[in-house]
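Spelled out from the first residue to the last, the chains are:
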Amino acid sequence: HSYDQGTEGLERTYRAVEAAGMGVTGTSLTEEEAAQPDVFTTANGARVAIITGTYGLNGYVPEHPWQVDMLDSAAMIAKAARAREEGADLVIANMHAGDEYVHEPSAQQVEVAHALVDSGEFDLVVGQHAHAVQPIEYYKGTWIVYGMGNNLTELSPSYVANNEGIMVNPIFERGEDGTWQVRDFRWVSSTMVDNPAYRYCITSPSRPASDCVDEDYAQQSNARVQQIVESMGAAEAGARQWS
């Protein structure tokens, strides 16, 4: 949706995010900026590059092809390699792709995610867009989160899946040789409710004691999400619910 209001809307959104003190990825104000990887420094000094790509722009065509990063595995791999050359410790891909309200990743999602991992340039791949939780896969030593569902959205009376989401918490550790590996991979499920008020509620078994969501519903929702998350072998590969 970054181009829904054209160049003016894209630039306005970019500046609003920037003014809020956050980094911007995926959209650019100049062609020179678009060619430069987005690299952020964490509190402990690790340099993390975020390489993004979207399958489409809601039917719109940008005024300039460089304004929005598209889902192009070759372009994403090239930008990741440049980030490595410029000193990035970790490179994370963020994919906006898939079929809405569908829990299984699409052929495009799998093809692009696997191509990114196969390149050896990426340490983690995460995705959104489907508005439904999708599986986590451990592919050739790299975690792929195909779809994180919704963490904030209008409450859907039609699609239960539209109200559910996950957060993931990959714990990266630097080895003595200077390379980084995921030491632990955790996830937590959530849902949104509107009774008595609109709220975001954790549904994983270790959630804090509260009356945020009905206990029976929380268990049902968590079980549903867990089945989806683990459907491509995530549990066997070591992913676990965050406690």
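Residues numbered from 1 in each chain as written. Predicted model: local features only at pLDDT ≥ 70, side-chain atom pairs only at ≥ 80, totals over all residues. Heavy atoms only, no water.

Caption draft 1: Representation of the pairing of strand 9 (residues 199-202) within the structure. Across four bridges, strand 8 (residues 180-193) lies against strand 9 in antiparallel orientation. Within strand 9, the position partnered with Met-192 by the bridge is Tyr-200. (Pairing = 2+ DSSP bridges. Helix = DSSP H or I, 4+ residues; strand = E, 2+ residues; numbered from the N terminus.)

Caption draft 2: The nonpolar core, seen in detail. With 22 residues, the main nonpolar core has Ile-136, Val-145, Ile-166, Val-168, Phe-185 and Trp-187 as its most contacted residues. Where this core is concerned, the elements lending two or more residues are strand 3 (90-96), strand 4 (124-128), strand 6 (142-145), strand 7 (164-174), strand 8 and helix 5 (215-229). When neighbours within four sequence positions are excluded, Val-145 is seen to be in contact with Val-125, Val-126, Gly-127, Pro-135, Ile-136, Ile-166, Val-168 and Phe-185. Among the nonpolar cores identified, the runner-up in size contains 20 residues, and Ile-51, Ala-80, Ala-83 and Tyr-146 belong to it. (Core = buried A, V, L, I, M, F, W, Y, C linked by side-chain atoms within 4.5 Å. Buried < 20%, exposed > 50% of the residue type's maximum accessible area, 1.4 Å probe, protein only. Contact = heavy atoms within 4.5 Å.)

Caption draft 3: Examining the pattern of salt bridges more closely. Applying the stated rule across the entire model yields twelve salt bridges. For the salt bridge of Arg-12 with Glu-8, the shortest nitrogen-to-oxygen distance reads 3.6 Å. You can see Arg-12 and its partner Glu-8 sitting in helix 1 (residues 6-19), four residues apart, about one turn around the helix. You can call Glu-8 exposed: its relative accessible area is 58%. (Salt bridge = Lys/Arg side-chain N within 4 Å of Asp/Glu carboxyl O.)

Caption draft 4: Representation of helix 4 (residues 107-118) within the structure. Taking 1.5 Å per residue, twelve residues should reach 16 Å; helix 4 reaches 16 Å between its end C-alpha atoms and fits that length. Contacts from the buried residues of helix 4 go to helix 3 (73-85), strand 3, strand 4, strand 5 (136-139) and strand 6. With its phi angle positive at about 80°, Gly-120 sits one or two positions after the end of helix 4. (Expected span 1.5 Å × (residues − 1).)

Caption draft 5: Quick peek at helix 1. Compared with an ideal rise of 1.5 Å per residue, which puts 14 residues at 20 Å, helix 1 spans 20 Å between its outermost C-alpha atoms and is within 8% of the ideal. Here helix 1 has its buried residues at Gly-6, Thr-7, Gly-9, Leu-10 and Tyr-14. Around the axis of helix 1, the buried residues are gathered within 165° of arc, so they sit on the same side. Exposed and oriented more than 90 degrees from the buried face of helix 1 are Glu-8 and Ala-19. The elements touched by buried residues of helix 1 are helix 2 (31-35). Gly-21, located one to two residues past helix 1, shows a positive phi value of around 90°. (Arc of directions from axis to C-beta.)

Caption draft 6: How the structure looks around the state of the cysteines. Under the defined criterion, the tally for this structure stands at one disulfide. There is a disulfide in this structure between Cys-201 and Cys-212, and the S-S distance comes to 2.0 Å. Between Cys-201 and Cys-212 the sulfur-sulfur dihedral comes to about -80°; the bridge is accordingly left-handed. Residue Cys-201 is located in strand 9, and its partner Cys-212 is located in the loop between strand 9 and helix 5; the two are separated by eleven residues in the primary sequence. Assessed through its relative accessible area of 0%, Cys-201 is described here as buried. The exposure class of Cys-212 is buried, given its relative accessible area of 15%. (Disulfide = S-S within 2.5 Å.)

Caption draft 7: Inspection of the packing of aromatic side chains at higher detail. Under the definition given, this model contains two aromatic pairs. Ring centres of Tyr-138 and Trp-143 lie 4.5 Å apart, and the angle between their planes is 45°; on these two criteria the pair is classed as tilted. (Phe/Tyr/Trp six-rings, centres within 6.5 Å; stacked < 30°, edge-to-face > 60°.)

Caption draft 8: Main features of the packing of helix 3 against helix 4. Across the interface, helix 3 lies against helix 4 with an axial gap of 10 Å and an inter-helix angle of 30°. Looking at the two axes, helix 3 sits roughly parallel to helix 4. Judged by the twist between their axes, the crossing of helix 3 over helix 4 is right-handed. In this structure, helix 3 uses Ser-73, Met-76 and Ile-77 to contact helix 4, whose residues at the interface are Val-112, Ala-115 and Leu-116. (Axes fitted to C-alpha atoms, helices over the stretch in contact; angles between N-to-C directions. Parallel < 35°, antiparallel > 145°, perpendicular 65-115°, else oblique. Left-handed = near helix turned anticlockwise from the far one by under 90°.)

Caption draft 9: Here's a closer look at the sheet that holds strand 2 (residues 47-54). Ordered in space as 1-2-3-4-6-5, the six strands form an open sheet in which the pairing is mixed. For this open sheet the edge positions go to strand 1 (38-41) and strand 5, each flanked by a neighbour on one side alone. Taken over all neighbouring pairs, the strand axes of this sheet differ in orientation by 20° on average, direction set aside. Summarising the sheet, strand 2 and strand 3 pair through seven bridges and their orientation is parallel. If you follow Ile-51 over to strand 3, its bridge partner there is Ala-93. Contacting strand 3, strand 4, strand 5 and strand 6, helix 4 crosses the sheet at an angle of about 170° to strand 3.

Purely geometric numbers; function is a separate question.
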